[in-house]
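Working through the structure, step by step
Residues per chain are reported as follows:
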Amino acid sequence: MSYVKPVEYEDASDEVREIYDELIALRGTGEVSHFWKVLAFHPPTLRQAWHSVRDTMKDGALDEMTKEMIYIAASIATNCDYCIDAHIKHAKRLGMSDDMLGELMAVVSVASGVNRLGIGYGIKPRGQA
């Protein structure tokens with residue numbers, strides 16, 4: 001459910017369609033996801049969010065799949081079911097295997113549990129009281 005009506009391609013302004021076309025081309029899905037259609041309700045937000053994602057997630061010092069896997073972990077940490085689904089699917093399109101996903105989930109699970117121990121015990125980095 002969203003709080004605003006998603007903007008379908010045929011109802012989109014030229015500015016929004018341009019972003020939709022870029023999204024379709026770069027994400028390789030053949031369609032615009034519901035997430036982006038909802039953000040299109042406010043085109044400046046759509047533009048800012050898409051440009052931020054597009055520019056950050058492309059290959060750089062880290063390759064795109066590594067960035068997608070980090071995004072999956074962050075999505076799990078922030079409880080975004082939609083983002084988890086979207087980024088697992090995209091990482092699989094980029095070549096992430098089920099074994100890689102399994103190891104990623106193991107790291108997320110271990111980090112979550114062990115980090116909670118540190119929080120619970122009030123453990124601070126060296127040099128901090």
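What counts as what
Residues numbered from 1 in each chain as written. Predicted model: local features only at pLDDT ≥ 70, side-chain atom pairs only at ≥ 80, totals over all residues. Heavy atoms only, no water. Helix = DSSP H or I, 4+ residues; strand = E, 2+ residues; numbered from the N terminus. Rg over C-alpha atoms; globule rule 2.2 N^0.38 Å. Buried < 20%, exposed > 50% of the residue type's maximum accessible area, 1.4 Å probe, protein only. Contact = heavy atoms within 4.5 Å. Areas by Shrake-Rupley, 256 points an atom, 1.4 Å probe, with all protein chains shown as cover. Lys, Arg positive; Asp, Glu negative; His and termini not counted. Charge placed at Lys NZ, Arg CZ, Asp CG, Glu CD. Core = buried A, V, L, I, M, F, W, Y, C linked by side-chain atoms within 4.5 Å. Polar contact = N/O pair within 3.5 Å; in protein donor to acceptor, adjacent residues only side chain to side chain.

**Focus: the overall build of the protein chain**
Scanning the protein chain for helices and strands turns up six helices and zero strands. Along the protein chain, helices (α) and strands (β) appear in the sequence α-α-α-α-α-α when read from the amino end. Taken over the C-alpha trace, the protein chain has a radius of gyration of 18 Å; the compact-globule value for 129 residues is 14 Å, which it surpasses by more than 25%. Referenced to the eigenvectors of the C-alpha coordinate spread, the extents of the protein chain come out at roughly 55 × 30 × 30 Å. Counting the 129 residues in the protein chain, one finds 26% classified as buried. Put simply, of all contacts in the protein chain between residues at least 6 apart along the chain, 52% involve residues at least 24 apart. As displayed, the protein chain has an accessible area near 8,700 Å², and 57% of this comes from carbon and sulfur atoms. Counting 14 positive and 19 negative side-chain charges, the protein chain places the centres of these two groups 7 Å from one another.

**Comments concerning unusual backbone geometry**
Even without being a glycine, Asn-79 presents a positive backbone phi close to 65 degrees. Looking at the element boundaries, Asn-79 is found in the loop between α4 (64-77) and α5 (81-93). Asn-79 sits in the exposed class, given a relative accessible area of 66%.

**Quick notes on the nonpolar core**
Ranked by size, the top nonpolar core spans 15 residues in total, and within it Val-16, Tyr-20, Leu-23, Trp-36, Ala-40, Leu-46 and Trp-50 carry the most contacts. Going through the elements one at a time, α1 (14-27), α2 (34-39) and α3 (43-57) are the ones with two or more residues in this core. Considering each element in turn, this core owes the most residues, five residues, to α3. Not counting residues within four places of it along the chain, the set of residues in contact with Val-16 comprises Ala-40, Pro-43 and Leu-46.

**A look at the side chain of Arg-27**
Along the chain, Arg-27 turns up in helix α1. Of the polar contacts made by the side chain of Arg-27, one reaches the side chain of Glu-68; its length is 3.1 Å. For Arg-27, the residues in contact, after removing those within four places along its chain, are Trp-50, Glu-68, His-87, His-90 and Arg-93.

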